[in-house]
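Structural characterization, general
If you want the building blocks of each chain, they are given just below.
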Amino acid sequence: MTDAYIFGDIIKNFEPHHSNFSDIITRSHEMRKKIAAAPLGDILDVLDAVSRAWADSEYSIRKIAWEYLKQQTGYSDEMLEMGFQTISYICSRRFLTARLKSELNCDYAFEKLDALAFDKKSGGMLKINPLGSVLHVSASNVFISAVDSLVSGFITKNVNLLKLSRADLLFPVLFAKSIKELDGASVISDTFSVFYYKGGDEKTEKIFKEGVDAVVVWGGAETVSAWRAGTSIKAKIIEYGPK
């Protein structure tokens, strides 16, 4: 068993039992209104604080992550530093502001995520709503991808559930702990979970396929196909797989 981060709490030796995942789904539904109502500016403030922390080589959680990844991946110091600086960059307010405008393809994305706002393209009022409860299936070979996926979910005001890869069971939990440490007002720290279960567990995957509003899949063709099969027709599949 491995540690998990469940809606603001570190759970030592998390038991990957079906009842625990059913509870996570139920709690994720309960948190949808909270994160949807959070001002985007407050979310960006938290992520920008995370950005500054991960840019600091003396930050305690960063130092733990460095030693873990050094052993786990065999990356050189230069590669690890580049990775941590990338994490800092993709959490920064400056980058996320530009990212929102680009990916949502509209002016005044901030306003439209928070409330109804005039949209000059349609000539009417527009509000961008979150998808709801989103499961992120992380890739096995790139530790940054889990952070990037979570951050995308945060800035679009979703409840995020990250399924760890067996190849990296610690780094995303450390990142979650970092958010908890820097989010004094609990803007986002109690609206997401990070956990592991063995891939291919059909009963567990059925719980997620039927209970989430979207699945973000990082992986190869086989992984993407497995998540397409049996996922609720109402759920959106977002693929970062083979092209």
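The shown structure was predicted, so the numbers you read here are calculated from the model rather than taken from an experiment.

Following the criterion strictly, the structure yields 13 salt bridges and no others. Salt-bridge contacts for E58 lead to K63; the nearest nitrogen and oxygen are separated by 3.6 Å. Of the residues examined, E58 reaches a relative accessible area of 55% and is grouped as exposed.

Let us now look at the environment of A229. As for its position among the elements, A229 is in the loop between α10 (221-228) and β9 (236-240). Each C-alpha atom, one on A229 and one on L170, is 29 Å from the other, the two residues being 59 residues apart in sequence.

A word on the environment of S60. Note that S60 resides in helix α3 (residues 60-73). Assessed through its relative accessible area of 42%, S60 is described here as partly exposed. Along the backbone, S60 and S178 are 118 residues apart, and their C-alpha atoms lie at a distance of 9.4 Å.

Bringing the pairing of strand β8 (residues 214-218) into the picture now. The buried fraction of β8 amounts to five of the five residues, a majority that puts the element mostly inside the structure. Burial of the side chains of β8 extends over both faces: A214, V216 and W218 are buried on one face and V215 and V217 on the other. Strand direction decides the pairing type here: strand β5 (residues 133-137) and β8, joined by four bridges, are parallel. What sits directly across from L135, in β8, is V215. Judged from the five bridges that link them, β8 and β9 form a sheet pairing that is parallel. Within the sheet, the bridge partner assigned to A214 lies in β9 and is K236. Between β8 and its parallel partner β9, the chain crosses via α10, and the hand of that crossover is right-handed.

About the thresholds
Residues numbered from 1 in each chain as written. Predicted model: local features only at pLDDT ≥ 70, side-chain atom pairs only at ≥ 80, totals over all residues. Heavy atoms only, no water. Salt bridge = Lys/Arg side-chain N within 4 Å of Asp/Glu carboxyl O. Buried < 20%, exposed > 50% of the residue type's maximum accessible area, 1.4 Å probe, protein only. Helix = DSSP H or I, 4+ residues; strand = E, 2+ residues; numbered from the N terminus. Pairing = 2+ DSSP bridges. Right-handed = clockwise from strand over helix to strand, strands pointing away.

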